[in-house]
Amino acid sequence: AEKSNHRRRVLLKLSGEVFGGGKLGVDPDTVRGIADQIASTVGTVETAIVVGGGNFFRGAQLAESGMDRSRADYMGMLGTVMNCLALQDFLEQAGVETRVQSAISMAQVAEAYIPRRAIRHLEKDRVVIFGAGAGLPYFSTDTVAAQRALEVHADEVLMAKSGVDGVYTADPHKDPTARKLETLTYDDALRQNIRVMDQTAMTMCKDNKLAMRVFGMEGAGNVASAVLGEQIGTLVTA
Ligand code: UDP
């Protein structure tokens, strides 16, 4: 399914911490703010979203406290679906048609993940929200963001970060000499062990020449800016 038009299409990755405003669960004001920004771009840019779930559960953490890793990962995936529904609600309140597609079947709340249907939704100005990760334990939603971006032929992956506004030469919270980078290659990021997303995801983007913009959530209007293609944050390329 090649793209049938020349509109910009992006895959926005929103991690769980973005939804919780740093806490457990969903912070409605935060989600409304993000939804309103995305709504302002609909009609100009086609946006698909992969949603994380770290504001509920992270499988690896639950496994450390003794749970079976796979079962813990399924809990993590189910958490992402709650974030999807919250985002869908605020997007629809803002007048945007949305579809949630889940990688784990739950027909009452979400469509199944059907890539060609997702593309059709995007072409019709619907925002598509992908939930439940890949439906597979031992994966992360970062990896799913890269995979979904490739499968729906997105032009760019947009990684929304909390607490940092791009990629730095070192941790800006610890090292006062840390410098923000305008651009970076995946090779450099992998070589210098800069963790803008997990390594599987970065390798997938690198191998398929998919560009990624890493930007901070904090500035007013940053999500809309990134979606619209403004040069904020750091651009990572193959
Ligand atoms: N997860 C998984 N498979 C996937 C995606 C997610 O098992 O394809 C689980 C995993 O346990 C992960 C949790 O869901 O810790 C929440 O996702 P993630 O940690 O990627 O969310 P984020 O860090 O973006 O909030």
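Right above here is the structure, for reference.
The numbers attached to residues start from 1 for each chain and follow its sequence in the written order. With pLDDT at 70 or above as the cut-off, local features in this predicted model cover only qualifying residues; side-chain atom pairs require 80 or more to be listed or tallied, and sums for whole chains, interfaces and linings still use all residues.

**Q** Describe the pairing of strand E1 (residues 8-14), listing the residues and the values that go with them.
**A** For the exposure call, what matters is how many other C-beta atoms sit within 10 Å of a residue's own: 20 or more marks it buried, 12 or fewer exposed, and in between partly exposed, using C-beta atoms placed from the backbone. Each helix is a run of DSSP H or I of at least 4 residues and each strand a run of E of at least 2, with the numbering of both proceeding from the N terminus. The buried fraction of E1 is high, at six of seven residues. For two strands to be treated as a pair, DSSP must find no fewer than two bridges joining them. Taken together, the seven bridges between E1 and strand E2 (residues 45-51) define a ladder with parallel strand orientation. Residue pairing for E2: arginine 9 is matched across the bridge by glutamate 46. Bridge count for E1 against strand E6 (residues 156-161) is five bridges, and the pairing is parallel. Looking at the pairing, lysine 13 lines up with methionine 159 of E6.

**Q** A description of the pairing of strand E5 (residues 127-131) should follow, citing residues and the corresponding values.
**A** Consecutive residues of a regular strand have side chains that alternate between opposite faces of the sheet. E5 sits mainly inside the fold: five of its five residues count as buried. Neither face of E5 is open: one carries Val127, Ile129 and Gly131, the other Val128 and Phe130, and all of them are buried. Sheet analysis places strand E3 (residues 98-102) next to E5, joined by five bridges and oriented parallel. Within E5, the position partnered with glutamine 101 by the bridge is phenylalanine 130.

**Q** How would you summarise the site of the ligand if you had to cite specific residues and measurements?
**A** Among the 22 residues in the neighbourhood of the ligand, the closest are listed as Gly52, Gly54, Gly59, Gly76 and Gly133. Mapped onto the shell around the ligand, the elements with two or more residues apiece are helix H1 (16-20), helix H3 (59-64), helix H4 (69-93) and helix H6 (141-151). When residues of the shell around the ligand are assigned to their parent elements, the largest contribution, four residues, is made by H4. The classification used treats Ala, Val, Leu, Ile, Met, Phe, Trp, Tyr, Cys and Pro as nonpolar, Asp, Glu, Lys and Arg as charged, and all other residues, Gly among them, as polar. In terms of residue class, the shell around the ligand is built from seven nonpolar, 11 polar and four charged. To decide whether a residue is near a molecule or strand, its C-beta atom is placed from the backbone and checked for lying within 6 Å of it.

**Q** Which residues make up helix H5 (residues 115-123), and what are the values?
**A** Listed as buried for H5 are Ala118, Ile119, His121 and Leu122. The arc that holds the buried residues of H5, viewed along the axis, is 160°, so those residues lie on one side. Residue pairs qualify as contacts under a 7 Å threshold applied to their C-beta atoms, which are placed from the backbone. Contacts made by the buried residues of H5 are with E1, E2, E3 and E5. Count one or two residues on from H5 and you reach aspartate 125, which has phi positive near 65°. As used here, the arc belongs to the directions running from the helix axis to the C-beta atoms.

**Q** Give a detailed account of unusual backbone geometry, specifying residues and quantitative values.
**A** The phi torsion at asparagine 193 lies on the positive side, around 55°, for a residue other than glycine. Locating asparagine 193 in the fold gives a position in the loop between helix H7 (186-191) and helix H8 (199-207). With 7 C-beta atoms packed within 10 Å, asparagine 193 lands in the exposed category. In this structure, lysine 209 is a non-glycine residue whose phi angle is positive, near 55°. Residue position: lysine 209 is located in the loop between H8 and strand E8 (211-216).

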